[in-house]
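A structural walkthrough
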Amino acid sequence: MEFSIKSGNPEKQRSDCLIVGVFDGGALSSAAAALDDASSQAISAVVKAGDMRGQLGSSVLIHHVDGISAKRLLLVGLGKANEFSTAQYLKVIRKSVDALPATVKNASVFLAELAASGLSVSQKVAQIAEVFLDATYQVNSLKSKKPDAIPLKKVQVFVDPAEVKEAKDALKQGEAIAEGVKLAKDLGNLPGNVCTPTYLGKQAKQLAKDYGFKVEVMNRTQIEKLGMGSFLGVAQGSDEPMRLIVLQHKNGKKDDKPVVLVGKGITFDTGGISLKGGAEMDEMKYDMCGAASVLGTFKSLGELNLPINAVGIIPTCDNMPSGKALKPGDIVTSMSGQTIEVLNTDAEGRLVLCDALTYAERFKPSAVVDVATLTGACVIALGQHASAVYSNQDALAEELLTAGKSAHDRAWHMPMWDEYQPQLDSNFADMANIGGRPAGSITAACFLSRFAKKYDWAHLDIAGTAWKSGKQKGGTGRPVPLLTTFLINRAS
Ligand code: BES
Ligand code: MN
Ligand code: ZN
């Protein structure tokens with residue numbers, strides 16, 4: 001799908017379909033009003049007839065309107081003018097895509113002109129690209145019959161002449177984010193027998209080739225040399241070879257300290273000897289979505305070639321039960337030297353991340369952000385609408401929240417007070433890997449914080465946001481928009 005920015009009179013556009021908005025009560029948006037004038041009130045007639053009342057998300061398609069060069073006109077309901085803000089704007093765009101007939105190959109969108117409280121022109125334009133691509137995403141299923149190609153090929157986004165330059169930059173960012181989102185979705189959706197640690201390593205190498213990143217994909221022997229006893233402990237139960245992936249984008253000033261992104265890459269989480277229940281266990285193929293979002297963000301970063309230094313670190317392996325697997329009560333020695341009593345082998349994410357966090361020290365980072373489908377407790381706390389943010393620096397948490405808000409990939413700041421730390425006490429090692437039932441997402445963050453003392457650090461628990469369950473099961477590509485926006489803001 002190709003996007004472009006244009007300005008001009010809506011009635012003159014030779015397009016398969018124009019998309020314009022009508023408010024609840026029948027008030028026309030300015031593009032709709034211009035079309036109404038050019039067409040001897042064809043739109044007013046539809047409103048008067050009661051066929052378009054402007055309810056949020058409703059739509060009417062009209063063909064061959066006199067005075068209008070385009071073949072069709074899609075009227076979309078905007079809801080009440082005084083309630084029109086971000087959520088309504090996004091819903092209108094999604095409904096527009098859904099309502100487009102499959103015969104439309106090129107569409108002209110007149111929605112960025114709508115004043116939506118809280119949204120800049122840039123955000124409105126970027127969201128058009130992101131939502132159009134999200135809504136037309138085709139799952140990379142392994143069905144023998146491939147789905148038909150999406151007919152929609154060209155999308156023109158109309159803005160005021162004065163806003164063209166700004167809109168073009170925003171469009172570029174929106175498209176880059178959408179590409180990263182797509183990669184993250186694709187990787188997440190692949191089954192565990194395809195998307196293995198080896199496969200993720202190959203993906204990282206491909207990205208490095210495409211965008212000029214430096215890449216290193218380490219195997220067990222190399223990981224042993226690094227002393228990553230905790231990561232090795234998780235991987236030892238699986239026959240699938242483990243990997244430690246390191247990507248580097250060096251496009252900032254030579255001495256600029258890099259931002260390091262760390263992604264949990266458990267390509268399948270059975271729970272290990274602390275085996276999970278069978279229901280929905282298939283969804284644990286998504287336990288590498290942290291890794292997928294780091295790779296996706298690097299894709300966006302490469303597309304935009306942001307002037308920044310960034311490092312991606314991905315510890316990846318399966319979590320399996322076997323005769324070689326970790327047992328509850330086993331004690332491992334992490335790369336940091338701290339010992340960990342593994343009371344539950346299903347709390348494996350923190351065990352692979354802690355060594356990656358120690359490894360991150362060597363890059364003298366300006367900030368480290370780890371991303372992980374870490375706890376079921378996070379899903380209970382926040383559901384699917386917000387990722388959890390934890391940080392040892394309030395300013396860094398704030399930066400991530402702001403990025404998430406402007407990218408509409410929202411996060412929520414959770415507490416990580418010292419009072420929670422004793423839940424991790426162990427009788428036999430420096431710490432236990434679980435903190436009991438209360439505050440499960442928080443104690444997981446507390447665990448990680450013990451390995452992130454040497455730099456500004458934040459942790460995103462994306463267990464609720466990375467994929468959807470049920471009928472629409474599938475990866476969401478989150479939090480690529482948040483992370484990319486965070487990097488864009490850091491680069492400027
Ligand atoms: N990958 C899971 C977390 C998860 C579970 C994410 C369900 C999304 C949906 C993680 O490795 C895990 O199993 N965590 C345990 C930790 C517990 C044993 C302390 C959990 O949340 O139950
Ligand atoms: Mn687990
Ligand atoms: Zn897991």
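Summary of the structure given here.

Description of the coordination of the manganese ion (ligand 2)
Listed as protein donors to the manganese ion (ligand 2) are Asp269 (OD), Asp346 (O), Asp346 (OD) and Glu348 (OE); their distances from the metal cover 2.1 to 2.2 Å. Around the manganese ion (ligand 2), the 6 donor atoms sit at angles spanning 70 to 169°, and that spread fits a shape best called irregular. Sequence positions of the donors to the manganese ion (ligand 2) reduce to the motif D-x76-D-x1-E. The metal-metal distance between the manganese ion (ligand 2) and the zinc ion (ligand 3) is 3.1 Å, with Asp269 coordinating both. Taken together, the residues span a long stretch of sequence, with Asp269 in strand S10 (residues 265-269) and Asp346 in the loop between strand S13 (339-342) and helix H10 (349-360) at a distance of 77 residues. Among the residues examined, Asp269 registers a relative accessible area of 3% and is labelled buried.

Looking at the sheet that holds strand S1 (residues 2-6)
Each strand in a sheet pairs with another by means of backbone hydrogen bonds, the pair being arranged parallel or else antiparallel. Spatial ordering of the open sheet is given by S1-S6-S5-S2-S4-S3, a layout of 6 strands whose pairing is mixed. Here the strands that pair on one side only, and so sit at the sheet edges, are S1 and strand S3 (59-63). Adjacent strand axes in the sheet meet at a mean angle of 20°, parallel and antiparallel pairs treated alike. Relative to strand S4 (residues 72-77), S3 runs antiparallel, the two being bridged by 5 bridges. Residue pairing in the sheet places Ser59 in a bridge with Val76 of S4. The sheet contacts of helix H3 (residues 86-99) involve strand S2 (17-22), S3 and S4, and relative to S4 the element is tilted by about 140°.

Digging into the site of ligand 1
Neighbouring residues of ligand 1: 16 residues in total, closest Lys276, Asp287, Asp346, Glu348 and Gly376. The separation between an oxygen atom of ligand 1 and a polar side-chain atom of Lys264 is 3.2 Å. Taking Gly376, its main chain carries an N or O atom lying 2.7 Å from an oxygen atom of ligand 1. Taken by itself ligand 1 offers 510 Å² of open surface, and the protein chains cover 77% of this.

As for the nonpolar core
If you look at the biggest cluster of nonpolar residues, it comprises 55 residues, and the most contacted ones within it are Leu295 and Phe298. For Phe298, the residues in contact, after removing those within four places along its chain, are Leu207, Phe213, Leu247, Gln248, His249, Leu261, Ala310, Val311 and Gly312.

Quick notes on the packing of helix H4 (residues 121-135) against helix H5 (residues 164-189)
For the pair H4 and H5, interaxial distance at closest approach is 8 Å and the crossing angle is 35°. Once H4 is placed against H5, the crossing between them reads as right-handed. Residue-level inspection shows Val121, Ser122, Val125, Ala126, Ala129, Glu130, Leu133 and Asp134 of H4 in contact with H5, the latter providing Glu166, Ala167, Ala170, Leu171, Gly174, Glu175, Ile177, Ala178 and Lys185. Residue composition of the contact of H4 with H5, by class: 10 nonpolar, 2 polar and 5 charged.

Concerning helix H13 (residues 440-449)
Across the 10 residues that make up H13, a large majority, 10, are buried. If you check which residues of H13 are buried, you get Gly440, Ser441, Ile442, Thr443, Ala444, Ala445, Cys446, Phe447, Leu448 and Ser449.

Some thoughts on the pattern of salt bridges
Counted by the stated rule, this structure contains 16 salt bridges. Residue Lys299 pairs with Glu179 through a salt bridge whose shortest N-O separation is 3.8 Å. Placement of the pair is Lys299 in helix H9 (residues 289-304) and Glu179 in helix H5, with a sequence separation of 120 residues. Taking the relative accessible area as the measure of exposure, Lys299 reaches 16% and is therefore buried. The salt bridge partner of Lys182 is Asp186, with a shortest N-O separation of 2.8 Å. Here Asp186 and Lys182 lie together in helix H5, a separation of 4 residues that amounts to about one turn.

Some thoughts on the environment of Lys185
Take Lys185: it is sitting in helix H5. In this structure Lys185 comes out as buried when scored by relative accessible area, which is 4%. A C-alpha to C-alpha distance of 26 Å links Lys185 and Asn251, two positions 66 residues apart in sequence. Excluding residues that lie within four positions of it along the chain, Lys185 makes contacts with Asp134, Tyr137, Gly475, Thr476 and Gly477.

Details of the packing of aromatic side chains
Tallying each qualifying case throughout the model produces 10 aromatic pairs. Aromatic side chains Phe84 and Tyr89 sit 6.4 Å apart centroid to centroid with 85° between the ring planes, which places their arrangement in the edge-to-face category. The buried category is assigned to Phe84, whose relative accessible area is 3%. Ring geometry for Phe213 against Phe298: centres 5.3 Å apart, planes inclined by 85°, an arrangement best described as edge-to-face. Placement of the pair is Phe213 in the loop between helix H6 (197-211) and strand S7 (214-218) and Phe298 in helix H9, with a sequence separation of 85 residues. Judged by its relative accessible area of 7%, Phe213 is buried. According to the relative accessible area criterion, Phe298 is buried, its value standing at 0%. Members of the aromatic cluster, connected to one another through ring pairs, are Phe23, Phe84 and Tyr89.

Structural notes on unusual backbone geometry
It is generally the case that most residues other than glycine have a negative phi and that most peptide bonds are trans. Cis peptide bonds are those with omega within 30 degrees of zero, and the linkage from Arg478 to Pro479 qualifies with 0°. Tracing the backbone shows Pro479 in the loop between strand S20 (474-475) and helix H14 (480-491). Unlike most non-glycine residues, Ser40 shows phi in positive territory, near 45°. Turning to its location among the elements, Ser40 is positioned in the loop between helix H1 (30-38) and helix H2 (42-48). With phi around 50°, His408 is a residue other than glycine that occupies positive phi space. The partly exposed category is assigned to His408, whose relative accessible area is 29%.

Scoring rules and cut-offs
- Residues numbered from 1 in each chain as written.
- Chains lettered and ligands numbered in written order.
- Predicted model: local features only at pLDDT ≥ 70, side-chain atom pairs only at ≥ 80, totals over all residues.
- Heavy atoms only, no water.
- Donors = N, O, S within 2.8 Å, 3.2 Å for Na, K, Ca; no water.
- Tetrahedral: all angles 85-135°; square planar, octahedral: opposite > 155°, others 65-115°.
- Helix = DSSP H or I, 4+ residues; strand = E, 2+ residues; numbered from the N terminus.
- Buried < 20%, exposed > 50% of the residue type's maximum accessible area, 1.4 Å probe, protein only.
- Pairing = 2+ DSSP bridges.
- Axes fitted to C-alpha atoms, helices over the stretch in contact; angles between N-to-C directions.
- Contact = heavy atoms within 4.5 Å.
- Near = heavy atom within 4 Å.
- Polar contact = N/O pair within 3.5 Å; in protein donor to acceptor, adjacent residues only side chain to side chain.
- Areas by Shrake-Rupley, 256 points an atom, 1.4 Å probe, with all protein chains shown as cover.
- Core = buried A, V, L, I, M, F, W, Y, C linked by side-chain atoms within 4.5 Å.
- Left-handed = near helix turned anticlockwise from the far one by under 90°.
- Nonpolar A, V, L, I, M, F, W, Y, C, P; charged D, E, K, R; others polar.
- Salt bridge = Lys/Arg side-chain N within 4 Å of Asp/Glu carboxyl O.
- Phe/Tyr/Trp six-rings, centres within 6.5 Å; stacked < 30°, edge-to-face > 60°.

Without other data, these values stay purely geometric and don't point to any function.
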